[in-house]
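# Report on the structure
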Amino acid sequence: MTNFWDSILSFARVTVERVGQQLLQDFGSVQADEKDDGSLVTKSDNWADAEIRSAIASTFPSHGILSEEGEHVFPDTEWCWVVDPLDATTNFARGIPIWGISLGLLYRGTPVFGCVHLPPVNQSFHGFYAGDWAGGVFDNMPQGAFLNGQKIRPSADKMSGNHFFNLCSRSVGIGPHLPSKVRMLGMASYNFLTVASGTVLGGVEATPKIWDIAGSWVIVKAAGAVWLPLESQAIFPLEVGKNYGRISYPTLVMNRQELVSVFLPFVEAWKKKKMG
């Protein structure tokens, strides 16, 4: 008999792969419009959002949905999917093949399952993270973080100038001072997932939204990497009735705790200068 988590993983895989195949066909041929917040949106974003929301509603009718292109107010449901139907729309619209679909499943406001699929590079990440939850369906929850079905862990390499650290476009001021090479991927969730999979030592994002991080947070935690919010308030659990449309969560992710003390001072100095 298929257990709850098998059905969650199967649903997520089938859904993101189906939607991803259509997005691949649209890639490079869609026009982008600017939203009120200055970010881009395409017809592909809206199509993917409708497809994913419809799939969730038909498969898990009791589950709530929070989506970048749909509902921004967190619902009063025990289970809720947080959806980014087209993560890195700007890359998608401009022809850069780093974009994907991100799903996070939250239990009482905290993510416990994440799935991020990048069709152009044929990479699918998923992870399970129970945190402090125990009993019931959590007794049968699988453990770990995975890339294309293979378990992933952060790098344990000794730090060197030939390792990578990821920046976002709003944090480039940190770059010249870091003891590593820098990369900018243009996709917040993938920024963090490359830390979880051992590709880079760490990464910072200045303005990620909840749909950028709900899925990747689970995978980072399940892989054993360090997730460090750069503002004092806790991200999770989300609050019922709260609008998350414009809330950002500045974040540093590192491969291991001992390197936090190496990289965090550079990030804090940049934050202080930016605010000062």
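## A closer look at the packing of aromatic side chains
Tallied over the full model, the rule gives 23 aromatic pairs. Ring centres 5.7 Å apart and planes at 50° place the aromatic pair Trp 5 and Phe 138 in the tilted group. Residue Trp 5 is located in helix H1 (residues 4–26), and its partner Phe 138 is located in the loop between strand S7 (123–128) and strand S8 (144–147); the two are separated by 133 residues in the primary sequence. Pair check on accessibility: Trp 5 and Phe 138 agree, each one buried. Centre to centre, the rings of Phe 125 and Tyr 190 are 6.2 Å apart; their planes meet at 65°, and the pair counts as edge-to-face. Residue Phe 125 is located in strand S7, and its partner Tyr 190 is located in helix H4 (residues 188–196); the two are separated by 65 residues in the primary sequence. Phe 125 gets classed as buried once you look at its relative accessible area, which sits at 1%. The rings of Phe 4, Trp 5, Phe 11, Phe 60, Trp 79, Trp 81, Tyr 107, Phe 113, Phe 128, Trp 133 and Phe 138 are connected pair by pair, giving a single aromatic cluster.

## Points about the nonpolar core
Generally speaking, a soluble globular protein has its nonpolar side chains buried in company with each other. Residues Trp 5, Trp 81, Phe 113 and Ile 210 are the most contacted members of the largest nonpolar core, which totals 71 residues. Residue contributions to this core peak at 10 residues, all from helix H5 (residues 210–223). Apart from the residues within four sequence positions on either side, Phe 113 is in contact with Trp 5, Ile 8, Leu 9, Ala 12, Trp 81, Leu 103, Gly 104, Leu 105, His 126, Gly 127, Phe 128 and Val 218. Within the second largest apolar cluster, 18 residues are counted, among which are Cys 168, Ile 174, Leu 201 and Val 226.

Criteria and cut-off values
Residues numbered from 1 in each chain as written. Predicted model: local features only at pLDDT ≥ 70, side-chain atom pairs only at ≥ 80, totals over all residues. Heavy atoms only, no water. Phe/Tyr/Trp six-rings, centres within 6.5 Å; stacked < 30°, edge-to-face > 60°. Helix = DSSP H or I, 4+ residues; strand = E, 2+ residues; numbered from the N terminus. Buried < 20%, exposed > 50% of the residue type's maximum accessible area, 1.4 Å probe, protein only. Core = buried A, V, L, I, M, F, W, Y, C linked by side-chain atoms within 4.5 Å. Contact = heavy atoms within 4.5 Å.

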